[in-house]
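Understanding the architecture of this molecule
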Amino acid sequence: MSKNALITGITGQDGPYLAKFLIEKGYNVYGFLARRGSDTLWRLRYLNIIDDVKIIDGDLLDLSSLIRALETSKADEVYNLAAQSFVGTSWQQPILTTQVTGFSVVNVLEAIRIVNNKIKFYQASTSEMFGKTSETIQCEDTVFHPRSPYGVAKMFGHYITINYRESFNIFGCAGILFNHESPIRGIEFVTRKVTDAVARIKYGKQKKVYLGNIDAQRDWGYAKDYVEAMWLMLQQDKPDDYVVATGKTFSVREMCETAFSYVGLNYKDYVEIDPKLYRPAEVERLLGNPKKAKEKLGWEAKTSMKELIELMAEADLERVKNER
Ligand code: NDP
Ligand code: GDR
């Protein structure tokens with residue numbers, strides 16, 4: 001019999017990639033959808049899965065809607081991807097970020113305890129929790145030192161997942177994912193901001209792109225590769241936590257160089273620094289060690305930073321070309 005999966009954050013970047021992956025595995029996929037004033041389903045259309053995902057209305061802040069979603073979907077697996085996920089915004093809306101990205105995780109876990117504590121649970125933890133780390137390469141045991149309200153909120157989600165595993169025997173796994181991107185990445189994140197700008201500059205629709213700290217370094221992978229790791233965690237005999245990363249790090253500057261040279265341009269002619277885009281506290285460098293995921297899950301990243309940025313630039317060139 002096919003399994004049922006409920007995905008929160010179905011309208012974000014990762015939700016649709018995970019939904020597509022699970023549909024291909026034969027799952028019945030339910031998407032938990034927060035009501036917004038405008039249409040937020042464009043990514044499901046982009047991946048051609050809009051008719052294959054069953055939508056259930058609800059909000060992470062509303063426990064009753066989570067309980068109803070678990071009952072309606074008869075979920076075997078829950079992937080909690082919903083969050084206020086933009087680090088920059090978390091200083092402007094720290095309380096909302098704490099509630100949605102942090103406290104809401106306990107709502108999902110409580111709903112599981114109430115409805116069926118055999119449901120397997122995936123929590124979207126993050127490398128942002130490492131923050132101001134002194135380790136040159138970060139693994140599951142590296143001490144956390146978050147630098148943003150977002151990172152702090154995610155730490156709550158991380159530890160409450162571990163706590164419900166230890167307290168109530170819930171099959172809860174936290175994936176500590178490093179930055180992952182794709183052609184459907186939100187435009188506010190730096191990779192997509194740059195690949196979109198590259199396309200607009202190439203077609204004469206934009207002159208410059210304004211960035212903040214371009215010396216920050218990140219371990220960037222492809223979202224399509226990373227959703228498989230989420231699923232693999234829930235297929236193991238025992239719940240556990242895993243770092244998911246490529247094991248390579250690049251500066252924002254190097255990422256810009258890659259994106260602009262893809263269309264034959266020099267990033268130095270187009271990138272301007274806007275000090276307003278500097279963050280109140282920066283995470284200077286992240287580099288993940290995916291050894292445990294490789295050994296225990298048999299997972300490894302398939303896409304390099306260069307391949308990723310080029311496929312994103314290609315998708316943005318196509319989009320901008322077709323714009324009226
Ligand atoms: P996105 O920001 O693209 O998506 C976030 C999703 O959460 C959206 O579907 C959004 O809905 C939904 N959401 C926000 N608030 C609520 C709410 N109150 N109730 C229900 N749904 C809500 O994130 P990604 O897809 O990039 O990331 C998925 C998860 O993984 C997030 O938790 C993120 O923090 C985490 N993560 C991401 C990494 C990355 O590099 N992408 C790395 C590590 C962790 P709407 O569109 O309607 O606002
Ligand atoms: P991050 O991603 O904060 O790592 O969080 P983002 O792409 O926003 O920033 C990466 C780095 O680039 C620097 N930067 C800029 N960032 C943005 N957005 N815009 C700019 O103009 C700019 N200029 C320089 C940033 O300062 C930073 O150092 C992402 C999110 O998906 C989180 O939800 C997730 O948990 C982490 O990745 C892992």
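Worth saying up front: this structure is predicted, and the values here are computed from it rather than measured. (Residues numbered from 1 in each chain as written. Chains lettered and ligands numbered in written order. Predicted model: local features only at pLDDT ≥ 70, side-chain atom pairs only at ≥ 80, totals over all residues. Heavy atoms only, no water.)

In terms of nonpolar packing, the biggest core is built from 65 residues, with I7, L22, Y79, Y122, M233 and F260 touching the most fellow members. In terms of residue count, the dominant contributor to this core is helix α8 (residues 223–234) (9 residues). Viewed by domain, this core spans two of them, domain 1 (4–180 + 220–244) and domain 2 (186–218 + 249–284 + 304–321), each represented by three or more residues. Once you skip the residues sitting within four places of it in the chain, I7 turns out to touch G15, L18, A19, L22, V29, Y30, G31, F32, Y79 and L81. Membership of the second largest hydrophobic core comes to 23 residues, among which are L70, A75, V78 and I112. (Core = buried A, V, L, I, M, F, W, Y, C linked by side-chain atoms within 4.5 Å. Buried < 20%, exposed > 50% of the residue type's maximum accessible area, 1.4 Å probe, protein only. Helix = DSSP H or I, 4+ residues; strand = E, 2+ residues; numbered from the N terminus. Domains from an automatic or database assignment. Contact = heavy atoms within 4.5 Å.)

Let us look at helix α11 (residues 305–322). Taking 1.5 Å per residue as the helical rise, α11 with its 18 residues ought to reach 26 Å, and the 26 Å between its terminal C-alpha atoms agrees with that figure. The complete set of buried residues in α11 reads M305, L308, I309, M312, A313, A315, D316, L317 and V320. Residues of α11 that are buried sit in contact with α2 (42–46), β7 (180–181), α7 (190–202), β10 (221–222), β12 (250–251) and α9 (252–262). (Expected span 1.5 Å × (residues − 1).)

The next subject is the domain arrangement of the chain. Interfaces are often described in size by the accessible area the parts lose on coming together. Splitting the chain by domain gives domain 1 (4–180 + 220–244) and domain 2 (186–218 + 249–284 + 304–321). The C-alpha centroid of domain 2 is placed 27 Å from the C-alpha centroid of domain 1. At the junction of the two partners, domain 1 supplies 15 residues and domain 2 supplies 20 residues. Around 1,600 Å² of area is buried between domain 1 and domain 2 when both sides are counted, 66% of it from carbon and sulfur atoms. (Buried area = accessible area lost by both parts, 1.4 Å probe.)

What follows is about the site of ligand 2. With respect to spatial proximity, 23 residues lie near ligand 2, and among them S85, T126, Y150, R279 and E282 are the closest. Between an oxygen atom of ligand 2 and a side-chain N or O atom of T126, the distance comes to 2.6 Å. Within the side chain of R279, a nitrogen or oxygen atom sits 2.6 Å from an oxygen atom of ligand 2. Protein chains shield 95% of the accessible area of ligand 2, which is 700 Å² for the free molecule. When the residues that make up the shell around ligand 2 are grouped by side-chain class, the tally is 10 nonpolar, 6 polar and 7 charged. Per-domain counts for the shell around ligand 2 show at least three residues from each of domain 1 (4–180 + 220–244) and domain 2 (186–218 + 249–284 + 304–321). (Near = heavy atom within 4 Å. Polar contact = N/O pair within 3.5 Å; in protein donor to acceptor, adjacent residues only side chain to side chain. Areas by Shrake-Rupley, 256 points an atom, 1.4 Å probe, with all protein chains shown as cover. Nonpolar A, V, L, I, M, F, W, Y, C, P; charged D, E, K, R; others polar.)

Below, the discussion takes up the site of ligand 1. Close to ligand 1 lie 25 residues, the nearest being T11, R36, S85, Y150 and K154. Expressed as a share of its isolated accessible area of 910 Å², the protein-covered part of ligand 1 is 87%. Of all the secondary structure elements, the ones that give two or more residues to the shell around ligand 1 are β5 (120–126) and α6 (149–168). The element contributing the most residues to the shell around ligand 1 is β5, with 3 residues. Across the shell around ligand 1, the residue classes break down as 11 nonpolar, 9 polar and 5 charged.

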